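Tertiary structure, described
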Amino acid sequence: MLRATWRGLLARKLRLLLASFSVLLGIAFVSGALVLTDSLSRVFDNLFSTINQGTAVTVQGRSAFGSSSFEGSDREPVPQSVLQAVSKVDGVSSVVGSVSRPTTLLLPNGKAFKSKGPPVLGVSYHVSSPLESLTIVRGSAPVGLDQVLVDANTIDKQHLAIGQRIGVIGNRPKQVATIVGIARFGPTNSLAGATLLAFDPPSAQQLFGTPGAWDSLSVASDPGVSDQALRDRIAAVLPKNDEALTSAQSTAQQSDDIKQGLRFFNIFLQVFAGVALFVGMFLIFNTFSMLIAQRTRELALMRALGASRGQVMRSVLVESLAVGLVSSLGGFAAGVGLAVGFRSLLNAFGIEIPKGATVVELRTFVVCLVVGVLVTVAAAVIPARRAARVAPVQAMRESGPAEDKSLVGRTIVGALLLAVGVLALVSGLAQGTLALVGLGAVFSFLGVTVISPVFARPVVGLLGLPFSQVGVAGRLGRGNAMRNPRRTSTTAAALMIGLALVAAISTLGSSAKKSVVAAVATSLGADYVLHTDQFMPFSQDAATALAKQPQLAEVAAFTQGQAKIGKAGRSFVQGVDPKALATVLKLKVLSGNLVRLGQDQLAVSKTEAKNLGVKVGDRVPVTWARTGQHDFTVGAVFDNNQFAGGYIVSASTYAANVTDKKDSVVAVKAVAGATPAESRAAVERGLADFPNIQIEDQAEFVKKQGDQIDSVLNIITGLLLLSIVIAMLGIINTLALSVVERTRELGLLRAVGLQRRQLKRMIRVESVVIAVFGALLGTVVGVGFGYALVTALHDQGITEFALPIKRIVEVLVIAALGGVVAAALPARRAAKLKVLDAIATA
Amino acid sequence: MTSPTTVPAVRAVDVRKSYGKGETAVTALAGVSLDVPKGQMTAVMGPSGSGKSTLMHCLAGLDSVDTGSIEIGGTQVVGLGDKQITQLRRDRIGFVFQQFNLLPTLTAGENISLPLDIAGKKPDQAWYDEVVRATGLSDRLSHRPSELSGGQQQRVACARALVTKPDVVFADEPTGNLDSRSGAEVLSFLQSTARVHGQTVVMVTHDPNAAGYADRVVFLADGLLVDEMDAPTAEKVLERMKRFEASV
Ligand SMILES: Nc1ncnc2c1ncn2[C@@H]1O[C@H](COP(=O)(O)OP(=O)(O)OP(=O)(O)O)[C@@H](O)[C@H]1O
Ligand SMILES: [Mg+2]
């Protein structure tokens, strides 16, 4: 039996090749993502341990939010007095304080440098400290406010050179400085692509930090003193605001921060790998089903010769196992190559990855193998069972086309699956449980797939109608697409999945865009919204300068940060002058007094008030990263407003509780009667020293937000392309198998005078009709998903629903074109058939 | 035979064809010359492996020849490209195979008009009706092939072959898979198309009774035309075959 299986496998290897290619692609994605993240973890572990070499202990301000340095800027700086105290601790050989804060770089042409992701940091440079992680490769150390050292990566990428003058905007308006040196960060040209602008320590404190204080201290130990012992000794002399970490702890902390980001990237890629594999399963299922249908006689003969059902089933499963193994191994290997591709993807985002070995863990291999084999075998189970049910008498019967079985059972099962899927999806969205959402999507897809043969014939018939008007090739193609609704449906369903996801996120995107328009119209009173690229905080001097412009009636500066609020947990809080708020936002106060929001008072949106179960006058515990927990009183409850967010405190309350007193957004209202040109000129004058701040009126703001939504959509759509390509492979495979199955028909058609050209057109029509059917299914399902998403995200600000008409049309057109492309190979094969051979094939 | 002034429906001159190369080469046609006059039904007979099917395929433009010339209604077939030869098959040649003549997805009626549909031509309604009437299946036209008997299917196939008013219809053992009654139906159908409508039919058969329906029989052996007989009857054919077998 096994030998027969093996022979069969070899005989059908071409037909199985495409199917295994689909699994291979999915597995390559899995493998690539794992290899990449493993390699990067290793690289960053190495990087940080190199950087921290020589540092025994690090001292920094304590954060109320735990250890992660994501909130680094919310740590209170360490005063010089602490540095002196630490330097006197027994076993300390040297201590150095450093500054590191986000800043803005102004290029020599006066334009602000816009980073695609990695931060721009203003840092200190200590000339002769062994603890300094920057090494000068060219030029000299910076001295004073007007000399700066720049990392080699930025010098390269921005085409800078020693002697050029750049600007930095930190705590104060533009500071111009001359590049005097080029530095490397540890062993690499930069810290993961971050732009580093280094000044001498006092200048760095003045420009970016706090004079007389440090963001962190690095301590070197005397020989023979262990890091842990020194840490304990230092901790004993620290004030309660500060903490000490051994070099191992801080390496782990720094590395963890980056790995956190990588983990997200990994999960992101794995989701797309999962989608691709799911689509691949359809391909495997379809291929095996068709091969078994074509082999009915052969299988029946085996049964007649005494093979048991179990043996037949096992032989099919062994076949799928072999396919799974081959594609897993291929996918694993291809993934190692793909990891390099992902790396350049990160590079394209401007994230410089330090060079390092490609790390292939045993785990990656095992995961690929297990997932690939499981996926393939699972997809082949149903076809295998079908094979086992072939009766011995079928060996004798003329194997005609499968007769139409009743679709009633199918309808019931499909409807049930769909119902479960929708239920899981909706409740998953309501609870915010992503796993449940995913499961719901999978069940919905399966449900639609199972049920779609029921309406495949009429829908496909309708889609094919225009073609059948044109000529006999179209009519025959349409007939072929309609003749086996199950096959057509499964093939189309594979395409449906990718396109449904595209349609869903497009629906979400178009709804989000419409919501922005609506939010601006209903919530924004300001004429201009001012912010930096990526909403990086900027100096409060900007708002001060704007306030001096007589044409501007109101300048409201928003500072934004996070705080833990009652049981709501970590939330987004804005600090703003309450009086100015009333002018720049169309904010409806429901109760309390927003304008007179006082110290330790909090204004809460209607939704958040409901979530917290509070009303005006209630007390809520609020934990700030710097100052820890205080009880706040609810001073006002306001109607939901996109720009107000969930929580507002007064500007002075905010300033009292955070370290980094910078504005994120400034909203400006012009005086009545000022023309747009006048008011814009006034804003431009006010921001003369802040080229990093963008000026957007309401329309520009809407457009900018829309563009951002679009760019996210494009990335996701791009990654979904993989699953769409796999689905197209599925169409190729189905058509190729159909060509084999219909060899005699094709021969007959050619014998009675069908031209090759017409034969190709016939196959193309079948392909296009199937593809468009899949796209149509995908669109309907996807818009449904999108609608559920939009409904679930109503409170997150997606208040409007909009159909992505343009995208839907694009998808349908692309699907049709894809159908044409997919048909090319099978059509060529069919056209190449020798008429006589085709007729002679029994 | 035929008067030299009229063009024959089919003219083959010294047609040679062999399969394979070198030692294993099989000569299927060793130089066959044949004229098929218009409006006649010609039967091709001969032992198995004598090259009947090969001849038929070559004459019908389904297969290429090594050397020689073949004219259909005065048009040279040898050397035509796939496109022209396909068009020739579509417009001027009808073909009936032993089995699997119909597309399962099309109804009987659609199968009959298939060559016209392929050509994008409107059927000559009177002729179409005539052909359909002759099949005796006017009321079964909307049925699929799977719903018809073998004999009915072959009659549909014959109708399909005739619907374009071709120069010649080739039929390779059209009754080979049928019982004698169904076979007789098909054969009288073919005979009447020649006798009544002046169509030209070339048919391969093993069956002397079938050959009896023809106006003329040619005998093939080892890839050569060895004999022919006008106005055959089943008995005469049978007798000739016996003689033939004795001589081998
Ligand atoms: N495709 C082929 N490849 C090789 N040899 C072939 C091929 N087709 C036919 N032959 C050989 O050519 C010779 C003539 O075959 P052909 O099919 O024409 O005979 P036939 O008279 O139709 O026989 P039958 O009465 O059995 O149908 C035979 O010897 C056959 O083996
Ligand atoms: Mg033959």
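Per chain, residue numbering runs from 1 following the sequence as it is written. Chains and ligands are labelled by the order in which they are written, letters from A for the one and numbers from 1 for the other. Where totals are concerned, whole chains, interfaces and linings use all residues; where local detail is concerned, this predicted model gives features only for residues with pLDDT of at least 70, and gives and counts side-chain atom pairs only at 80 or more. Excluding hydrogens and water, the side-chain figures rest on all heavy atoms present in the structure.

**A closer look at the overall build of chain A**
Helix numbering and strand numbering both begin at the N terminus, where a helix is a DSSP run of H or I of at least 4 residues and a strand a DSSP run of E of at least 2. Each helix and strand counted, chain A has 24 helices and 24 strands in total. By principal-axis analysis of the C-alpha atoms, chain A measures approximately 95 × 70 × 50 Å. Burial classes: relative accessible area under 20% of the type maximum marks a residue as buried, over 50% as exposed, and values in between as partly exposed (1.4 Å probe, protein chains only). Every one of the 842 residues in chain A was classed for burial, and the buried ones make up 53%. Note on contacts: a residue pair qualifies if any of its non-hydrogen atoms lie within 4.5 Å across the two residues. A separation of at least 24 residues holds for 83% of the contacts in chain A among residues at least 6 apart in sequence. Residues scored as positive are Lys and Arg, those scored as negative are Asp and Glu, and His as well as the terminal groups of each chain are ignored. Every charge is mapped to an atom, namely NZ of Lys, CZ of Arg, CG of Asp or CD of Glu. Here chain A holds 80 positive side-chain charges and 53 negative ones, and the gap between their average locations is 16 Å.

**Some details on the pairing of strand 11 (residues 195-199) of chain A**
All names here are of chain A. In terms of burial, strand 11 is a largely internal element, five of the five residues being buried. In strand 11, alternate side chains face the same way, and those of Thr195, Leu197 and Phe199 on one face and Leu196 and Ala198 on the other are all buried. Pairing between strands is defined by DSSP: at least two bridges between them are needed. As defined by bridge partners, strand 6 (residues 120-124) adjoins strand 11 across five bridges and the pair is classed as parallel. Across the sheet, valine 120 pairs through a bridge with threonine 195, a residue of strand 11. Both strand 8 (residues 147-151) and strand 11 contribute to a ladder of two bridges, which runs antiparallel.

**Here's the deal with the interface of chain B and chain A**
It is common to give the size of an interface as the accessible area that goes away when the parts come together. Between chain B and chain A, the contact holds 23 residues from the first and 21 residues from the second. Here chain B packs against chain A, burying approximately 2,100 Å² in sum over the two surfaces, 65% of which is carbon and sulfur. Buried area is understood as the total, over both parts, of accessible area removed when two parts are fitted together, assessed with a 1.4 Å probe. Its largest share of buried area at the contact with chain A, chain B owes to Phe100(B), Leu103(B) and Ile118(B), together 26% of the area lost on that side. Pairing of N or O atoms within 3.5 Å defines a polar contact, subject to two protein rules: one partner must be a possible hydrogen donor and the other a possible acceptor, and residues neighboring in sequence count only if both atoms are side-chain atoms. Taken together, the links from chain B to chain A amount to eight residue pairs in polar contact (both at pLDDT 80 or more). Breaking the side of chain B that touches chain A down by element, the ones donating at least two residues are helix 2 (82-92) and helix 4 (114-119) of chain B.

**Some thoughts on the site of ligand 1**
Residues and elements named next belong to chain B. Each residue is tested against the molecule or strand, and it is near if at least one of its non-hydrogen atoms lies within 4 Å. Near ligand 1, the surroundings consist of 13 residues, among which Ser48, Gly49, Lys52, Ser53 and Thr54 are the closest. Taking serine 48, its side chain carries an N or O atom lying 2.4 Å from an oxygen atom of ligand 1. At a separation of 2.8 Å, an oxygen atom of ligand 1 approaches a polar side-chain atom of serine 53. Method for areas: the Shrake-Rupley scheme with a 1.4 Å probe, in which residue coverage is limited to the protein chains shown. Burial of ligand 1 by the protein chains amounts to 59% of its free accessible area of 630 Å².

**Regarding the packing of helix 12 (residues 434-470) of chain A against helix 14 (residues 485-523) of chain A**
Residue and element names in this part refer to chain A. With their axes 8 Å apart at the nearest point, helix 12 and helix 14 run at an angle of 120° to one another. If you check the angle between helix 12 and helix 14, you find them oblique. For the element pair helix 12 and helix 14, the recorded crossing hand is right-handed. On helix 14, the residues touching Phe445, Val448, Thr449, Ser452, Pro453, Ala456, Arg457 and Val460 of helix 12 are Pro485, Arg486, Thr488, Ser489, Thr490, Ala493, Met496, Ile497, Ala500 and Leu501. Grouping the constituent residues of the contact of helix 12 with helix 14 by class yields 11 nonpolar, five polar and two charged. Here the axes come from fitting lines to C-alpha atoms, over the contacting stretch only for helices, and the angles between their N-to-C directions go from 0 to 180 degrees. In this scheme, roughly parallel covers angles under 35 degrees and roughly antiparallel covers those over 145, while 65 to 115 is roughly perpendicular and the rest are oblique. Two helices that cross are described as forming a left-handed crossing if the nearer one is turned anticlockwise from the farther one by less than a right angle, and a right-handed crossing if clockwise. Residues are grouped as follows: nonpolar covers Ala, Val, Leu, Ile, Met, Phe, Trp, Tyr, Cys and Pro; charged covers Asp, Glu, Lys and Arg; every other residue, Gly included, is treated as polar.

**Some words on the domain arrangement of chain A**
The split into domains, and so the bounds of each, comes from an automatic or database assignment of domains. By domain assignment, chain A separates into domain 1 (54-258), domain 2 (421-523 + 699-842) and domain 3 (540-689). Computed over C-alpha atoms, the centres of domain 1 of chain A and domain 2 of chain A are 53 Å apart.

**A word on the side chain of Glu173(B)**
By the secondary structure assignment, Glu173(B) is in the loop between strand 7 (168-172) and helix 7 (180-195). With near-sequence residues (within four places) excluded, Glu173(B) lies in contact with Gln98(B), Val204(B) and His206(B).

**What about the sheet that holds strand 13 (residues 216-221) of chain A?**
Residue and element names in this part refer to chain A. Pairing within the open sheet is antiparallel, and its four strands lie in the order 3-13-1-14. Strands with a single pairing partner mark the edges of an open sheet, and in this sheet they are strand 3 (92-98) and strand 14 (242-246). Going from strand to strand, the sheet's axes swing by 20° on average, the running direction of each strand aside. Sheet topology places strand 3 next to strand 13; six bridges connect them, and they run antiparallel. Bridge pairing links serine 98 to serine 216 in strand 13. Contacts from helix 6 (residues 227-237) reach strand 1 (57-61), strand 3, strand 13 and strand 14 within the one sheet, and its direction differs from that of strand 14 by about 175°. Packing of helix 7 (residues 247-294) onto the sheet brings it into contact with strand 1 and strand 14, and relative to strand 14 it is tilted by some 95°.

**A few points about the sheet that holds strand 10 (residues 224-230) of chain B**
Residues and elements named next belong to chain B. Taken in spatial order, the six strands line up as 6-7-8-3-9-10 in an open sheet, and their pairing is mixed. Each edge of the sheet is formed by a strand with only one pairing partner; in this case those strands are strand 6 (93-96) and strand 10. Strand after strand, the sheet turns through a mean of 20° between neighbouring axes, direction not considered. In this sheet, strand 8 (residues 201-204) lies alongside strand 3 (residues 41-45) in parallel orientation, the contact comprising four bridges. Opposite valine 44, over in strand 8, you have valine 204 as the bridge partner. Helix 6 (residues 150-162) contacts strand 6 and strand 7 of the sheet and is inclined by roughly 170° relative to strand 6.

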